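Examination of the molecular architecture
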Amino acid sequence: MPSSRPSLASLASFLAVIGFACLAPAAFAAPLSSPTPNSILSVVPASATVAPAPEDANGILWTETSDVMPEPQRGSLGTNILGPQNVPLDLQNADLLAPPSTDAGTVGNVKWPFSLSPNRLQTGGWARQQNVNVMPIATEMAGVDMRLEAGAIRELHWHKTAEWAFILNGSVQITVINPNGQNYLATLNPSDIWYFPAGVPHSIQATADNPAGSEFLLVFDSGDFSEDSTFLLTDWLAHVPKEVLAKNFQTDISAFDEIPGKELYIFPSDPPADDAVAVPSPQGTVPASEAFSFEFSKVPRTPLAGGSVRIVDSTTFPISTTIAAAEVIVDPGAMRELHWHPSQDEWSYYIEGAGRMTVFASSGQARTFNYGAGDVGYVPASFGHYIENTGTTPLRFLEIFKSDRFQDISLQQWLALTPPALVKAHLNLDDETIAHFNKTKNTVIGPSKA
Ligand SMILES: *[C@@H]1O[C@H](CO)[C@@H](O)[C@H](O)[C@H]1NC(C)=O
Ligand SMILES: *[C@@H]1O[C@H](CO)[C@@H](O)[C@H](O)[C@H]1NC(C)=O
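Starting afresh in each chain, residues are numbered from 1 along the sequence in its written order. Note on labels: chains are lettered from A, ligands numbered from 1, in written order. Local features in a predicted model are, by the rule used here, given only for residues with pLDDT of at least 70; side-chain atom pairs are given and counted only at 80 or more, and totals for whole chains, interfaces and linings are based on all residues. As a convention, hydrogens and water are excluded, and side-chain values are obtained from all of the structure's heavy atoms.

Under an unreviewed UniProt entry, the protein chain has the name Oxalate decarboxylase family bicupin and belongs to Phanerochaete sordida.

Written as structure tokens, this is what we have:
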């Protein structure tokens with residue numbers, strides 16, 4: 001790193017103007033413009049009791065694809081590493097190694113790459129999970145990334161928590177019955193979702209539509225869910241006296257000679273028929289208003305200034321009473337705006353692109369994390385946050401809530417709908433800046449106009 005580094009302020013304005021993704025820290029040059037004009041010198045409000053916040057822009061210093069040696073150094077702070085260094089991890093986590101100077105205090109870890117989860121390999125597929133054991137702050141939801149080869153089956157089972165799922169690749173057939181004995185079978189495609197209430201028995205089987213099979217994301221409405229403690233058909237029957245099985249099913253005991261001696265969990269099989277339908281039930285099929293799946297892939301994305309969003313919650317998918325979700329796309333240079341969710345924790349999953357999130361935990365505490373494809377994020381209820389696209393391609397992620405409704409509060413909309421004099425008294429902004437605040441929630445905002 002050069003010893004003649006520019007001042008924080010010039011670094012700030014430089015980053016604000018030309019971005020960062022392609023920059024080596026050593027490439028910082030003279031400022032191209034002054035920082036956004038504000039009132040630090042021109043307005044000294046009578047109410048001022050604290051010094052202004054520093055002018056540092058605190059942009060990200062590098063990304064995973066930058067051609068730099070990542071160092072724990074930002075402006076005049078920090079210095080290089082002399083000991084061993086895990087360079088690939090440091091390239092992925094610029095804001096942990098060289099945090100913005102706005103970060104402070106202790107905030108629990110809110111990043112978990114599925115790459116760090118031990119995987120459970122089975123014949124026909126695999127499953128890896130994130131729960132409170134690996135990310136203790138994530139108490140309300142847990143996630144599983146599951147892969148099935150074409151025809152492979154995640155065996156008939158149930159569990160104590162509800163399960164919401166999003167198909168990442170390929171297609172699957174699901175089967176479910178509800179407590180009334182009504183039957184349900186559906187074939188689902190990428191970006192479609194399902195929801196199984198707690199305790200409702202189901203199966204998942206990859207179809208042959210994609211010769212490679214399918215991969216999907218499962219989200220559970222409890223942080224201590226474990227994929228290793230589900231109630232499996234084979235596990236149960238292997239632990240019931242055969243005399244009882246014969247009595248229960250009114251058969252000869254020899255009918256059960258070949259049942260598996262222990263659980264199957266995931267196992268290979270022939271793919272289901274294209275025209276498979278639910279076994280006719282005397283109780284009928286599940287009514288449409290209680291359907292266990294939803295063609296989220298067919299919901300149009302709402303275009304936004306810097307990307308798009310589509311939302312699914314119990315207003316459109318009524319059975320999904322404990323999980324609501326949004327699929328957000330943020331264009332390069334754009335940002336999921338500063339906001340928070342009033343009463344529900346957020347579990348997020350990054351599908352593609354590169355992003356940066358700072359969580360504000362109150363009491364002067366904030367911490368910034370970097371995310372990429374396959375990473376899980378978490379934001380406790382009410383924690384303020386934003387998600388900036390720090391890459392050169394669209395950033396696509398899911399925001400998932402343990403709730404029957406998607407809800408958020410936009411910082412900008414709140415301030416735009418607050419008496420301007422009140423806002424001015426807090427922030428020392430000029431009238432023109434305040435008048436410019438948008439009264440309409442934007443969700444994703446376009447690149448900076450600086
Ligand atoms: C599914 O995976 C295949 C093989 O990696 C890939 O070519 C395809 O684009 C993926 N489809 C989706 C919807 O991501
Ligand atoms: C406020 O945001 C809405 C929604 O993106 C947009 O249509 C409108 O032009 C914006 N208004 C102003 C004054 O920027």
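Quick look at the side chain of Gln129 now. Secondary structure counts use DSSP, requiring at least four H or I residues in a row for a helix and at least two E residues in a row for a strand, with both numbered from the N terminus. With respect to the secondary-structure elements, Gln129 resides in strand S5 (residues 125–130). Three labels apply to residues, based on accessible area from a 1.4 Å probe with only protein chains included: buried if under 20% of the type maximum, exposed if over 50%, partly exposed otherwise in between. When its relative accessible area of 18% is taken as the criterion, Gln129 is described as buried. Looking at Gln129, its side chain comes within polar contact range of the side chain of Ser226, at 3.4 Å. A 3.5 Å cut-off defines polar contacts: any pair of N or O atoms within that distance qualifies, except that in protein one atom must be a possible hydrogen donor and the other a possible acceptor, and neighbouring residues in sequence count only when both atoms are side-chain atoms. Within the structure, the side chain of Gln129 is placed 2.7 Å from the backbone nitrogen of Glu227, a separation counted as a polar contact. In this analysis, two residues are considered to be in contact whenever any of their non-hydrogen atoms come within 4.5 Å of each other. Dropping the residues within four chain positions of it, Gln129 is found in contact with Trp112, Phe114, Ser117, Gly143, Val144, Phe225, Ser226, Glu227 and Asp228.

Time to look at empty space enclosed by the protein. Buriedness of a pocket was judged along seven lines, with at least five required to meet protein on both sides within 12 Å; pockets are open sets of points on a 1 Å grid over the protein atoms alone, cavities are sets where a 1.4 Å probe fits but cannot get out, and lining residues have an atom within 4 Å of a point. Grid points are joined across faces, edges and corners, and a volume is the space filled by probe spheres set on the points. Within the structure shown, the criterion is met by 2 cavities of 30 Å³ or more. Quantified by volume, the second largest cavity comes out at close to 40 Å³.

We define a salt bridge as a side-chain nitrogen of Lys or Arg found within 4 Å of a carboxyl oxygen belonging to Asp or Glu. What the rule picks out here adds up to 21 salt bridges. One salt bridge connects Lys247 with Glu243, and the closest N-O pair in it is separated by 2.9 Å. Of this pair, Lys247 and Glu243 both sit in helix H5 (residues 242–249), 4 residues apart, which is roughly one turn of that helix. Here Arg405 makes a salt bridge to Asp404, at a shortest N to O gap of 3.5 Å.

What follows concerns the nonpolar core. Counting 75 residues, the largest nonpolar core has Trp164, Ile174, Trp194, Phe216, Trp347 and Ile400 as the members making the most contacts within it. Boundary definitions for the domains trace back to an automatic or database domain assignment. Both domains that meet at this core, namely domain 1 (10–68 + 85–103 + 299–436) and domain 2 (117–230 + 265–293), each give it at least three residues. What Ile400 contacts, discounting residues up to four positions off in sequence, is Met141, Trp164, Val219, Ile323, Ala324, Ala325, Asp345, Glu346 and Trp347. The nonpolar core is taken to be a set of buried Ala, Val, Leu, Ile, Met, Phe, Trp, Tyr and Cys residues, with the residues joined through side-chain atoms within 4.5 Å. If you look at the next biggest cluster of nonpolar residues, it comprises 8 residues, including Ile60, Leu91, Ala94 and Ala98.

Examined against the element boundaries, Asn178 turns out to sit in the loop between strand S9 (172–177) and strand S10 (183–188). Each C-alpha atom, one on Asn178 and one on Pro201, is 7.7 Å from the other, the two residues being 23 residues apart in sequence. Setting aside residues up to four positions removed in sequence, Asn178 forms contacts with Val286, Glu290 and Phe292. Among the polar contacts made by the side chain of Asn178, one reaches the main-chain amide nitrogen of Asn180 at a distance of 2.9 Å.

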